[in-house]
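# Breakdown of the fold
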Amino acid sequence: MTQRHVIIIGAGAGGLSASIDLARAGVRVTLLERAATPGGKMHTREVDDLSVDGGPTVLTMRSVFEQLFEDAGTSLSDSLTLLDSPVIARHAWSDGGLLDLFPDRERSRHSIEQFAGSDNAAGFDRLYTQSEKIHRALSSTFMEATKPSPLTLVGRVLREHPLSSLLATRPSPDLWRALGGFFSDERLQQLFGRYATYVGSSPLSTPATLMLIAHVELDGVWLVDGGMHRLARTMADLGQQLGVDLHLNTHVSEVLVKNRKAVGVRLDDGTALTADAVVFNGDTQAIATGQLGESASSAVTLRPNRQRALSAFTWCIKGQASGFDLDHHNVFFESNYPSEFNTIFETRQVPSKPTVYVCAQDRGPAGNRNKAERFLMLVNAPANGDNRTWSTDEVNHIRDNALAVLDRCGLTLSFRDEECVATTPTDWHSRFPGSGGSLYGSASHGLWSSFTRSGARSRLKGLYLSGGSVHPGPGVPMATLSGRLAARTLLSDII
Ligand SMILES: Cc1cc2nc3c(=O)[nH]c(=O)nc-3n(C[C@H](O)[C@H](O)[C@H](O)COP(=O)(O)OP(=O)(O)OC[C@H]3O[C@@H](n4cnc5c(N)ncnc54)[C@H](O)[C@@H]3O)c2cc1C
């Protein structure tokens, strides 16, 4: 049989995992990436003489990556060192309070008891038990299924779990109110409600099932020695060892369609490449808005812009910290969480008193703190990067508001302006076409939103989808799973 040829557009987590699985199955794989490096959102920014991780920093679900490498006949630990993170994150509030969460249920419970008393610690126990049940029920029935529907989900859960675990997946009320049932201390509602932002959503609108993220994090958080972008590099290296033909700085402008089937791609410079099938790893909305050609545009559903998930302002910084004992992951909260999410999703503005995430990349188990440290500072923002630009003054104003929150929590970050590199929703939009700056596809708002994401098979024969905007959703492990699902689906269709 002649060797099949598949073109993958995009070398993000989902494109890389698809390329590995297809190549090891004997398919000829051409991987086309418009950026100068593989990894997509897993990227670094150069700040003076330092490389600062500018994308994901929290690595969970380690087994997803181990399995990918093991299935390819190798071991992740041969190429990459993952370090256990003893602290999940350090949390501080501007009106008082400091709480560390650990990937150890008893330690976290104790920490919460010290912080907010025994009733809230008991609430944590109930939350942990509930989130574990949800995770168990959904991991095989939802995340690893090619394109689950509510009906297949119910059917499978009923087959595999007792009715009680099905009830545990009851998707209402929203996460915020569900957490209010566990905690009388609103700070804990904020802390666990923030998990909604991991999928770019508001805790006020996501279904309570999202509390499963609490279980995923308590199960373990890892740091990649050398930074998260190393994970992308390692995946790209494995693909290349298996024969993947990776082309960087290569923008695909069209999916070629013949007889209602994807038959190849056209590059920016006009070159046409043919293939038996195509996998797209960018935001599905790039297809829907015609950026991959008119003929392919109906392959996915066009979504209203208001359904987009969160964007962000980020700053990669070389600087110094004082006044606060930073851990690797740090979250600084102001008091009014509901108002923050209403501002972003309803008013579509950047909150003036935002929750601020700071990744102190030189702290933690393999911390190597020099005089100048690397920081990633992030605040959430609406995904309106395609119809809004920000002047330097506006960006600095947003940055100063974030620094003021840190200041109220006791942390002073100092740096020189030229050693602070900002990324705005407009920048994210131009890096990730079709996204509007959304970093997580569409928001997981409402009961059924998770079921409305595209699956691995698009509506166009021969065109497959992977990445954070398709099932099972955003986050590095989930996007990696999506690539594996795309490869599996494609192989079952063409072989
Ligand atoms: C600041 C930030 C913080 C985050 N924090 C976390 C975290 O802590 N933990 C976590 O798990 N996740 C986090 N995420 C989310 C996570 O990074 C993403 O969900 C995941 O990396 C997305 O992978 P993907 O497969 O969708 O590919 P993407 O990373 O979206 O990459 C898609 C690739 O396709 C390429 N491409 C698109 N169109 C074309 C074209 N026409 N031609 C050629 N190439 C094209 C793009 O250049 C890009 O490289 C974060 C994201 C950001 C930005």
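A brief look at the structure comes next. Treat the numbers as computed from the prediction; the structure is a model and nothing was measured.

The subject of this paragraph is the overall build of the protein chain. Assigned secondary structure in the protein chain consists of 17 helices and 19 strands. Its C-alpha atoms give the protein chain a radius of gyration of 22 Å, within 12% of the compact-globule value 23 Å for 495 residues. Principal axes of the C-alpha set define a box for the protein chain whose edges measure 65 × 60 × 45 Å. The buried share among the 495 residues of the protein chain stands at 54%. Contacts in the protein chain between residues far apart in sequence, at least 24 positions, make up 73% of those at least 6 positions apart.

With an omega of 5°, the peptide bond running from His471 to Pro472 counts as cis. The topology assignment puts Pro472 in the loop between strand 19 (463–465) and helix 17 (476–494). Within the chain, Met61 stands out as a residue other than glycine whose phi angle is a positive 50°. Relative to the assigned elements, Met61 resides in the loop between strand 4 (50–53) and helix 2 (62–71). Its identity as a non-glycine residue notwithstanding, Asn249 has a phi of 55°, on the positive side. Inspection of the secondary structure assignment puts Asn249 in the loop between strand 9 (245–247) and strand 10 (252–258).

The next point concerns the site of the ligand. Gly10, Gly12, Gly40, Gly282 and Gly467 are the nearest of the 35 residues found near the ligand. At the level of secondary structure, the elements contributing two or more residues to the shell around the ligand comprise helix 1 (13–24), strand 14 (311–322) and helix 17.

Reading across from one edge, 7-6-15-16-17-14-18 is the order of the seven strands in this open sheet, with mixed pairing throughout. On the outer flanks of this sheet lie strand 7 (98–101) and strand 18 (412–423), each paired with one strand and no other. On average, each strand axis in the sheet is tilted by 25° relative to the strand beside it, whichever way the strands run. Sheet analysis places strand 6 (residues 89–93) next to strand 15 (residues 329–333), joined by four bridges and oriented parallel. For Arg90, the partnering residue across the bridge sits in strand 15 and is Asn330. Against the sheet, helix 14 (residues 392–408) makes contact with strand 14, strand 15, strand 16 (356–360), strand 17 (373–381) and strand 18, and its axis sits at roughly 150° relative to strand 18, the strand it touches most.

Next up on the list: the sheet that holds strand 1 (residues 5–9). Paired through backbone hydrogen bonds, the strands of a sheet run either parallel or antiparallel to each other. With respect to topology, five strands assemble into an open sheet ordered 9-2-1-13-19, the strand pairing being parallel. Of all strands in the sheet, those with a lone pairing partner are strand 9 and strand 19, marking the two edges. Direction aside, neighbouring strands of the sheet carry axes that sit 20° apart on average. One ladder, built from four bridges, connects strand 1 with strand 13 (residues 277–280); its direction is parallel. Among the inter-strand pairings, Ile9 is bridged to a residue of strand 13, identified as Phe280.

One face of the sheet, then the other: side chains in a regular strand alternate in exactly this way. Counting buried positions along strand 17 gives nine out of nine residues, so the element sits mostly inside the fold. Going residue by residue along strand 17, you find Glu373, Phe375, Met377, Val379 and Ala381 tucked away on one face and Arg374, Leu376, Leu378 and Asn380 tucked away on the opposite face as well. As defined by bridge partners, strand 14 adjoins strand 17 across nine bridges and the pair is classed as antiparallel. Across the sheet, Gly319 pairs through a bridge with Glu373, a residue of strand 17. Relative to strand 17, strand 16 is paired through four bridges, and the arrangement is antiparallel. Bridging across to strand 17, Ala360 finds its partner in Phe375.

What follows deals with helix 2. Listed in full, the buried residues belonging to helix 2 are Val64, Phe65 and Leu68. Down the axis, helix 2 shows its buried residues gathered within 95° of arc, on one side only. Tucked into the core, helix 2 has its buried residues touching helix 1, helix 3 (76–79) and helix 17. Directly after helix 2, the chain includes Gly73, whose backbone phi takes a positive value near 85°.

Take helix 14 next. Over its 17 residues, helix 14 runs 24 Å from end to end, which matches the ideal 24 Å to within 8%, given 1.5 Å per residue. Buried within helix 14 we find Ile398, Ala402, Val405 and Leu406. Along the axis of helix 14, the buried residues cluster in a sector spanning 105°; they form a single face. Exposed and facing more than 90 degrees away from the buried side of helix 14 are Thr392, Asp393 and Asp400. The elements touched by buried residues of helix 14 are strand 14, strand 15, strand 16, strand 17 and strand 18. Just downstream of helix 14, Gly410 is the residue with a positive phi angle, here 105°.

This part covers the packing of helix 1 against helix 11 (residues 229–241). Think of two packed helices as two axes; the pair is described by the angle between the axes and how far apart they sit. Running from amino to carboxyl end, helix 1 crosses helix 11 at an angle of 25°, the nearest separation of the two axes being 9 Å. When the axis of helix 1 is compared with that of helix 11, the two are roughly parallel. By crossing handedness, the relation of helix 1 to helix 11 is classed as left-handed. Along the contact surface, helix 1 presents Leu16, Ser17, Ser19, Ile20 and Ala23, while helix 11 presents Ala232, Met235, Ala236, Leu238 and Gly239.

So, on to the nonpolar core. By size, the foremost hydrophobic cluster in this structure holds 143 residues, and its most contacted members are Val6, Met211, Ala262, Val278 and Val279. With eight residues, helix 17 is the single largest residue contributor to this core.

Bringing the pairing of strand 6 into the picture now. Counting buried residues along strand 6, four of its five residues qualify, which places the element largely inside the surrounding structure. Summarising the sheet, strand 6 and strand 7 pair through four bridges and their orientation is antiparallel. Residue His91 lies in a different strand from strand 7, and its bridge partner there is Leu99. The turn linking strand 6 back onto strand 7 is made up of four residues, and Gly96 within it adopts a positive phi angle of 115°.

Residue position: Cys409 is located in the loop between helix 14 and strand 18. Assessed through the 24 C-beta atoms surrounding it within 10 Å, Cys409 is described here as buried. Residues Cys409 and Leu465, spaced 56 residues apart in sequence, show a C-alpha to C-alpha distance of 43 Å.

Calculation criteria
Residues numbered from 1 in each chain as written. Predicted model: local features only at pLDDT ≥ 70, side-chain atom pairs only at ≥ 80, totals over all residues. Helix = DSSP H or I, 4+ residues; strand = E, 2+ residues; numbered from the N terminus. Rg over C-alpha atoms; globule rule 2.2 N^0.38 Å. Buried ≥ 20, exposed ≤ 12 C-beta atoms within 10 Å, placed from the backbone. Contact = placed C-beta atoms within 7 Å. Near = placed C-beta within 6 Å. Pairing = 2+ DSSP bridges. Axes fitted to C-alpha atoms, helices over the stretch in contact; angles between N-to-C directions. Arc of directions from axis to C-beta. Expected span 1.5 Å × (residues − 1). Parallel < 35°, antiparallel > 145°, perpendicular 65-115°, else oblique. Left-handed = near helix turned anticlockwise from the far one by under 90°. Core = buried A, V, L, I, M, F, W, Y, C linked by C-beta atoms within 7 Å.

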